[in-house]
Amino acid sequence: MATSTKKKVRKARKPAPVKTAPDPHLPNPYYEVRDSAVHGRGCFARQFIPKGTRIAEYIGDRITWAEADKRYEGYDVNDNHTFLFIVDKKTVVDGGVNGNDARFINHSCDENVQSTVEKGRVYLDAIKDIQQNEELGFDYQIGRDKNDPPNVDEIFACRCGSPKCRGTMLWPAKRPKPRKKKRSSVKTAAKKVASKSAKKAAKKATKKVAKKATKKVAKKKVAKKVAKKVAKKAAKKKAAKKK
Ligand SMILES: [Zn+2]
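Remember, predicted model here, so these are calculated numbers, not experimental data.

Trainee: Give a description of the environment of Ser 108 that names residues and reports values.
Mentor: Positionally, Ser 108 belongs in the loop between β7 (106-107) and β8 (113-118). The exposure class of Ser 108 is buried, given the 24 C-beta atoms found within 10 Å. Once the C-alpha coordinates of Ser 108 and Gly 161 are considered, the two residues, 53 residues apart in sequence, prove to be 8.5 Å apart. With sequence-adjacent residues up to four places away left out, Ser 108 is seen in contact with Gly 137, Phe 138, Asp 139, Cys 160 and Ser 162.

Trainee: Provide a residue-level description of the sheet that holds strand β5 (residues 84-86), including the pertinent values.
Mentor: The strand order β4-β6-β5 describes an open sheet built from three strands, whose pairing is antiparallel. The open sheet has two free edges, formed respectively by β4 (61-64) and β5, since each of these has just one partner strand. Pairwise comparison of adjacent strand axes, ignoring direction, gives a mean angle of 35° for this sheet. Direction of pairing for β4 relative to strand β6 (residues 91-94): antiparallel, over a ladder of four bridges. Within β6, the residue paired with Arg 62 across the bridge is Val 93.

Trainee: Give a detailed account of the sheet that holds β8, specifying residues and quantitative values.
Mentor: In spatial order, the strands read β3-β9-β8; together these three strands make up an open sheet with antiparallel pairing. Of all the strands in the sheet, the pair left with one neighbour each is β3 (54-58) and β8. Neighbouring strand axes in the sheet, compared pairwise and without regard to direction, differ in orientation by 30° on average. Inspection of the sheet shows β8 paired to strand β9 (residues 121-126) by six bridges, in the antiparallel sense. Its bridge partner lying in β9, Val 117 is registered against Val 122.

Trainee: Go over the nonpolar core, please, and point to the residues and values.
Mentor: Residues Ile 55, Tyr 58, Ile 105, Val 113 and Leu 124 are the most contacted members of the largest nonpolar core, which totals 23 residues. Contributions of two or more residues to this core are made by β3, β6 and β9. If you tally residues by element for this core, the top one is β9, at four residues. Filtering out sequence-adjacent residues up to four positions away, Ile 55 remains in contact with Tyr 30, Tyr 31, Ile 49, Val 113, Leu 124, Asp 125 and Ala 126.

Trainee: How would you sum up unusual backbone geometry? Please name residues and give values.
Mentor: Cis geometry is found at the peptide bond from Trp 171 to Pro 172, where omega equals 5°. Along the chain, the position of Pro 172 falls in the loop between β12 (170-171) and α3 (178-242). Unusually for a residue other than glycine, Asn 133 sits at a positive phi of about 70°. If you trace the backbone, Asn 133 turns up in the loop between β9 and β10 (137-138).

Trainee: Any details on the pairing of β9? Residues and values, ideally.
Mentor: By the bridge criterion, four bridges tie β3 to β9 in an arrangement that is antiparallel. Paired with Glu 57 across the bridge in β9 is Tyr 123. The turn joining β8 and β9, which pair antiparallel and follow one another in sequence, is formed by two residues; a positive phi near 50° is taken by Lys 119.

About the thresholds
Residues numbered from 1 in each chain as written. Predicted model: local features only at pLDDT ≥ 70, side-chain atom pairs only at ≥ 80, totals over all residues. Helix = DSSP H or I, 4+ residues; strand = E, 2+ residues; numbered from the N terminus. Buried ≥ 20, exposed ≤ 12 C-beta atoms within 10 Å, placed from the backbone. Contact = placed C-beta atoms within 7 Å. Pairing = 2+ DSSP bridges. Axes fitted to C-alpha atoms, helices over the stretch in contact; angles between N-to-C directions. Core = buried A, V, L, I, M, F, W, Y, C linked by C-beta atoms within 7 Å.

Listed below in structure tokens is the structure:
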């Protein structure tokens, strides 16, 4: 019989991460809303929150993108408040209407909370151990748009104060350079034109060569005919001489 040389050990069971969100219509048990040094009001941990805890559900009016556009038509472009949260291609949750305190969780480039969408609902989970009185923050990753005003980076500037701060709530962090894009598109257009004209030229050239070749063949044929005629004439002459 084989015997184990290792002594059996005891093992602590890790607390299972809490994945049921607290009732979104009641005051949140994990955080309270206070004035924030980062931005307006923020959410601060009432107590130590272990990593993996489902802190809150982000609720509000569930509307279509078209409805959201209508609702905020003519809003001040210099206002960086947005409580709209993307669920999917069709739906947006508007935390500004019938929302809960979760809408006050500020943006942070070094998030301790992460947003996840599960079965069409938005949840906020602790991705780090969060100490009491620590402010909660998650990365808003606000998308860029073609119609953004030129000062969009100023409007959505980030002041989260983290060493990892990328300076903006927008994503991607840097505005794509339209000039370069234009240039490259002009280049590709030029390339296309060039390749087209090259193709045309090539076609012309092959046509010319083909014409020349047919001409040559025709000339040869004529020459052969002429030669035959000459030969016939010569034969006739010879026959006449013999007579
Ligand atoms: Zn930041």
